[in-house]
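Analysis of the macromolecular model
Next come the chains, spelled out residue by residue.
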Amino acid sequence: MSGFLEGLTDYGDAEFSAFLRGVFLASAGFDEQDLDRPVVGIADARSDYVTCHREFPALIEAVKRGVLEAGGLPVVFPTMALPEIFTAPTAMYLRNLMAMQVEESIRTQPMDGVVLVGGCDKTVPAQVMGALSAGRPFVQVVAGPMIPGSWRGQRVGACTDCRAIWSRHRAGELDRAEVAEAAAALAPTGGTCMVMGTASTMACLVEAMGVAVSGSATPAAPTGARLASGARAGRVIVEAICAGRRPAGIVTSDALHNAAVVCAAIGGSTNAVVHLIAIARRAGIEFTLDDVAAAMRGVPVLVDCKPIGRGYLTDFDADGGVPALLAELADLLRLEAPTIDGRPLGARLRHRDRPLGTVRGLTDPVHPDGGVSVLRGSLAPEGAVIKTGAASPALLTHTGPAVVFDSLADLAARIDDPALPVTPSSVLVLRNAGPVAAGMPEAGALPIPRRLAAAGVRDMVRVSDARMSGTAFGTVVLHVSPEATRGGPLALVRDGDPITLDAGRGLLDLGVGDAELARRRAELAASETRKGLRGNDSRGNDSRGNDSRWARLHRRYVGQAHQGADLDVGADSDGSPARAGGR
Ligand code: FES
């Protein structure tokens, strides 16, 4: 522990640098008694654009109280925030930038450990990735879910119900006024989306991974239980600093395995697969798409929350939250995995006399298969994923003719065209929406064409190199890798080509012969040469015309989905892969 005298600013005179620190700390009212304490940075991802984080002021006060109670000195610093709903083209485009910013904030400012306060969707993976690379002890605190609202006598909440209501509007069942009325009830409090979307999934995963305190994933944002979890995190980080508990000892392959098992059992978001792989790589652990799928294989969904089930995160919390789930999953978990509070994961199990409503037992699951299935085949040589529990069982084995959209703009322009040659058995294909081409937006759950939606069609097979919101549902194949812009066969599909999905066999095939594909590939290469850069316009801009410095860096260095879509900036000078840092 070295507190405020760690990492002195370079003025060429270390004693002067230390003296200056004293001057400015005195200006903030700190005295010698304060400066003897471990310094705990509190990374605050608050922004008025992130309405999910609007309860942070009270939560951060609770974290500070916990730090002080344990003898530490809390120092809050701002970081980027990623407003899922207010970021174009997608918050995912900024996840790696935020991870870099969090890492550099931790590395360059004096702190012995850090509490990461985030919640909305990509903020938690960004914070964990950055903190892992920085290598200091850290605890993750999440915003907590919203409390559900009520509309026409039914509980509703963001954002599975947003999608269901919007689908009914597209099908002509609800008019604009009714949709506007529903909108007022869908996100009634501060907090993250209260279904098992990406934010809730990542909250449960960081708890299962042991980097958040026990029971902290599910208390609702506006509650005292949420504040209490913040205070506990404040106390735990001081203990972790004093005990020298570094992230490398917590985020192990066992911890990642446990997180993947829990992801399946909660019916978690497919986005978690990308984030888990990225987190593993930041920790210097080989944990691949196949490792994620292997950990999830055969794990049923035990948590009855939307989009797979019926309830909300508040129900999960009332029925025991993650500790109750861990008890049901005990036989599938690596219980010796250490956690940030110094106890193994096995000490966090909360046994009950019998499974309660929202948290089922292994013999009475919500759905027999919670996992994300990995698909491979001629259309996805490096893999693709499908959340089978959110799919229509009848479509999990399906062959149909492709209807291809070349980009998000093409999709928007033509999906509702009455002349679109589409039937319920068509396979909707979206390309050029992967990490390099478009920042990998959550556009993979392509809307059902209005004509079919009005006729009652609620699901179709959809295939893309994009992602999908964790709150969405449907027979949606995502993360096709490599993406079309990076030479993936998705670029070669044409309208009418037969596409076969066989989730049970892990297959995604394009029914076009090798010779024809070779001919199309040569034709595509020739046309790209004529147009300039692949996937971008002739100035190297993306489809939105963004030629900012970050946009260029992102396009140049972002990896593919099966690699976690992190920045790949190459090896360290000694030839080893870039990995978790530390002092
Ligand atoms: Fe913030 Fe859903 S929009 S968690």
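Calculation criteria
- Here the residue numbering is sequential within each chain, running from 1 through the sequence in written order.
- Only residues with pLDDT of at least 70 get local features here, since the model is predicted, and only at 80 or more are side-chain atom pairs given and counted; chain-wide, interface and lining totals rely on the full set of residues.
- Excluding hydrogens and water, the side-chain figures rest on all heavy atoms present in the structure.
- Secondary structure follows DSSP: runs of H or I at least 4 residues long count as helices, runs of E at least 2 residues long count as strands, and numbering of each begins at the N terminus.
- Partly exposed residues are those whose accessible area sits between 20% and 50% of the maximum for their type, while under 20% is buried and over 50% is exposed, using a 1.4 Å probe and protein chains only.
- Pairs of residues are marked as contacts when any of their non-hydrogen atoms sit within 4.5 Å.
- When charges are tallied, Lys and Arg are placed among the positive residues and Asp and Glu among the negative ones, while His and the ends of the chain are skipped.
- Taken as the charge centre is NZ of Lys, CZ of Arg, CG of Asp or CD of Glu, depending on the residue.
- DSSP bridges decide pairing: two strands pair if at least two such bridges lie between them.
- For Phe, Tyr and Trp, where Trp contributes only its six-membered ring, two rings pair if their centres lie within 6.5 Å, and the inter-plane angle classes them as stacked under 30 degrees, edge-to-face over 60, or tilted in between.
- Each salt bridge in this description consists of a side-chain nitrogen of Lys or Arg and a carboxyl oxygen of Asp or Glu lying within 4 Å of one another.
- The convention used is that axes are lines fitted to C-alpha atoms, helices contributing only their stretch in contact, and that angles between N-to-C directions extend from 0 to 180 degrees.
- For a crossing to be left-handed, the near helix must be turned anticlockwise from the far one by less than a right angle; the clockwise case is right-handed.
- Amino acids outside the nonpolar list (Ala, Val, Leu, Ile, Met, Phe, Trp, Tyr, Cys, Pro) and the charged list (Asp, Glu, Lys, Arg) are all regarded as polar, and Gly is one of them.
- Here, nonpolar core refers to any group of buried Ala, Val, Leu, Ile, Met, Phe, Trp, Tyr and Cys residues whose side-chain atoms link them within 4.5 Å.

Scanning the protein from terminus to terminus reveals 20 helices and 14 strands. For the protein, the C-alpha atoms occupy an extent of roughly 75 × 60 × 45 Å along the three principal directions. The buried share of the protein, taken over its 583 residues, is 58%. Contacts in the protein between residues at least 24 apart in sequence constitute 74% of all its contacts with a sequence separation of at least 6. Charge-centre separation for the protein: the mean point of 59 positive side chains lies 4 Å from the mean point of 64 negative side chains.

Following Ala-158, the chain continues into Cys-159 via a peptide bond in cis, with omega recorded as -10°. Tracing the chain through its elements places Cys-159 in the loop between strand E6 (154-156) and helix H6 (160-170). The step from Lys-306 to Pro-307 runs through a cis peptide bond, and the omega angle for that step is 10°. With respect to the helices and strands, the residue Pro-307 is situated in the loop between helix H13 (289-296) and helix H14 (313-318). Unlike most non-glycine residues, Arg-152 shows phi in positive territory, near 50°. Along the chain, Arg-152 falls in the loop between strand E5 (149-151) and E6.

With that settled, the discussion passes to the pairing of strand E13 (residues 498-502). One ladder, built from 5 bridges, connects strand E9 (residues 397-405) with E13; its direction is antiparallel. Residue pairing in the sheet places Thr-399 in a bridge with Thr-500 of E13. Pairing between E13 and strand E14 (residues 507-510): 4 bridges, direction antiparallel. Paired with Thr-500 across the two strands is Asp-509, which belongs to E14. Taken together, E13 and the strand that follows it, E14, pair antiparallel across an intervening segment of 4 residues, in which Gly-506 is found at a positive phi of about 65°.

What follows deals with the packing of aromatic side chains. Following the criterion strictly, the structure yields 4 aromatic pairs and no others. Arranged with centres 6.0 Å apart and planes meeting at 70°, the rings of Tyr-11 and Phe-16 form a pair that is edge-to-face. By relative accessible area, Phe-16 is classed as partly exposed at 37%. An angle of 35° between the planes, with centres 6.4 Å apart, marks the rings of Phe-16 and Phe-19 as tilted. Remark: Phe-19 and Phe-16 occur in helix H1 (residues 14-27); sequence separation between them is 3 residues, near one turn of the helix. Among the aromatic residues, those joined into a ring-pair cluster are Tyr-11, Phe-16 and Phe-19.

What the rule picks out here adds up to 39 salt bridges. Residues Arg-431 and Asp-406 are paired through a salt bridge, measuring 2.6 Å at the closest nitrogen-oxygen approach. One end of the pair, Arg-431, is in the loop between strand E10 (427-430) and helix H17 (435-438); the other, Asp-406, is in the loop between E9 and helix H16 (408-414), with 25 residues separating them in the sequence. You can call Arg-431 buried: its relative accessible area is 10%. Shared partners join several salt bridges into a network, and the residues in it are Arg-494, Asp-497, Glu-516, Arg-519, Arg-520 and Glu-523.

To continue, consider the environment of Leu-362. Mapped onto the secondary structure, Leu-362 falls in the loop between helix H15 (321-328) and strand E7 (372-377). When the C-alpha positions of Leu-362 and Ala-265 are compared, they lie 9.5 Å apart, and in sequence the two are 97 residues distant.

On to the packing of helix H8 (residues 198-209) against helix H11 (residues 253-265). Running from N to C, H8 and H11 point in directions that differ by 140°, and their axes come no closer than 8 Å. When the axes of H8 and H11 are compared, the crossing they make is right-handed. In this structure, H8 uses Thr-201, Cys-204, Leu-205, Ala-208 and Met-209 to contact H11, whose residues at the interface are Ala-255, Leu-256, Asn-258, Ala-259, Val-262 and Cys-263. Considering only residue class, the contact of H8 with H11 consists of 9 nonpolar, 2 polar and no charged.

Turning to the nonpolar core, a few remarks are in order. Residues Phe-316 and Leu-325 are the most contacted members of the largest nonpolar core, which totals 123 residues. Looking at which element gives the most residues to this core, the answer is H11, with 9 residues.

Here we come to the pairing of strand E12 (residues 476-481). Burial runs high along E12: 6 of the 6 residues are buried. In the sheet, strand E8 (residues 380-387) pairs with E12 via 3 bridges, with the strands oriented antiparallel. Looking across to E12, one finds that Ile-386 is bridged to Val-477. Where strand E11 (residues 461-464) meets E12, 2 bridges bridge the pair, whose relative direction is parallel. From the neighbouring strand, Arg-462 faces E12, where its bridge partner is Val-476.

Next up on the list: the side chain of Asp-34. In this structure, Asp-34 sits in helix H2 (residues 32-35). Buried charged residue Asp-34 carries no salt bridge. Nearest counter-charge: Arg-37, at 4.3 Å. Sequence-distant contacts of Asp-34, that is, excluding residues within four places in its chain, are made with Gly-29 and Leu-73.

The next subject is the sheet that holds strand E4 (residues 138-142). Reading across the sheet, the 4 strands line up as E2-E1-E3-E4 and stay open at both edges, with parallel pairing between neighbours. Two strands lie at the open edges of the sheet, namely strand E2 (73-78) and E4, each paired on one side alone. Adjacent strand axes in the sheet meet at a mean angle of 20° when their direction is disregarded. Where strand E1 (residues 39-44) and E2 come together, 6 bridges link them in parallel fashion. By the bridge assignment, Gly-41 is partnered in E2 with Val-75.

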